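# Structural overview for review
What follows is the residue order along each chain.
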Amino acid sequence: MHELSLVASMFETLLDQAQAHNAKRITGVKIQVGALAGAVPELLETAFDSYKKGTIAENAVLTIVKPPFTVRCRACGNETIRNDFVMACSACDSTDLEIVHGMELILEKIELETDD
Ligand SMILES: [Zn+2]
């Protein structure tokens, strides 16, 4: 499962960050998973929950933000959210588009807690 290896490498970063900040606990993790990022949020959640057991992230809350698939038209500059994933400008029908959102797979925020 692709999501498992994503979460595995995410945990490496999380634990590195916690150590760098002398944190005793990781209380929250926020990630962005675009609609076309190639990862299923539900599977990431499941993998996260099984990975965190027995780690300092045991009680961490995972928040997943899902940026909608958004394109910008190179012809008219219009920005469109395409929930149907059709590569066409909604204003002028041009297909000369640039993807603005939807490909994200980003670790956005880590909440850490230190004792004392
Ligand atoms: Zn356009």
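In this report, we go over the structure that sits alongside the text. (Residues numbered from 1 in each chain as written. Predicted model: local features only at pLDDT ≥ 70, side-chain atom pairs only at ≥ 80, totals over all residues.)

Turning next to the packing of helix 1 (residues 2–20) against helix 2 (residues 41–52). For the pair helix 1 and helix 2, interaxial distance at closest approach is 9 Å and the crossing angle is 50 degrees. Considered as vectors, helix 1 and helix 2 are oriented oblique to each other. Both helix 1 and helix 2 take part in a crossing whose hand is right-handed. Here Glu3, Leu4, Leu6, Val7 and Phe11 of helix 1 come into contact with helix 2, specifically with Leu43, Leu44, Ala47, Phe48 and Tyr51. (Axes fitted to C-alpha atoms, helices over the stretch in contact; angles between N-to-C directions. Helix = DSSP H or I, 4+ residues; strand = E, 2+ residues; numbered from the N terminus. Parallel < 35°, antiparallel > 145°, perpendicular 65-115°, else oblique. Left-handed = near helix turned anticlockwise from the far one by under 90°. Contact = placed C-beta atoms within 7 Å.)

Take the nonpolar core next. Core analysis: the largest hydrophobic core is formed by 16 residues, its most contacted members being Val7, Leu14, Ile26, Val29 and Leu44. Of all elements in the fold, only helix 1, strand 1 (25–33) and helix 2 reach the threshold of two or more residues within this core. Of all the elements, helix 1 adds the most residues to this core, at five residues. Not counting chain neighbours up to four residues away, the residues in contact with isoleucine 26 comprise Leu14, Ala18, Ile56, Ala57, Ala60, Ile110 and Leu112. (Core = buried A, V, L, I, M, F, W, Y, C linked by C-beta atoms within 7 Å. Buried ≥ 20, exposed ≤ 12 C-beta atoms within 10 Å, placed from the backbone.)

This next bit is on helix 2. The end-to-end C-alpha distance of helix 2, which contains 12 residues, comes to 16 Å, matching closely the 16 Å that a straight helix rising 1.5 Å per residue would cover. If you check which residues of helix 2 are buried, you get Leu44, Ala47 and Phe48. Down the axis of helix 2, the buried side of the element spans an arc of 105 degrees, and every buried residue falls inside it. Looking at helix 2, the residues exposed on the side facing more than 90 degrees away from the buried face are Glu42, Asp49 and Ser50. Elements that come into contact with the buried residues of helix 2 comprise helix 1, strand 1 and strand 2 (61–65). (Expected span 1.5 Å × (residues − 1). Arc of directions from axis to C-beta.)

On to the sheet that holds strand 3 (residues 70–73). Taken together, the three strands give an open sheet; going across it, the order is 4-3-5, and neighbouring strands pair in antiparallel fashion. A single partner strand is all that each edge strand has here, and the edge strands are strand 4 (79–81) and strand 5 (97–101). For this sheet the average axis-to-axis angle between neighbouring strands, irrespective of direction, equals 30 degrees. Taken together, the four bridges between strand 3 and strand 5 define a ladder with antiparallel strand orientation. Note on strand 5: the bridge partner recorded for valine 71 is isoleucine 99. (Pairing = 2+ DSSP bridges.)

A separate point is unusual backbone geometry. For asparagine 22, which is not glycine, the phi torsion reads 50 degrees and is therefore positive. With respect to the secondary-structure elements, asparagine 22 resides in the loop between helix 1 and strand 1. Using a count of 9 C-beta atoms within 10 Å as the deciding quantity, one classes asparagine 22 as exposed. In this structure, phenylalanine 85 takes a positive phi of about 60 degrees despite not being glycine.

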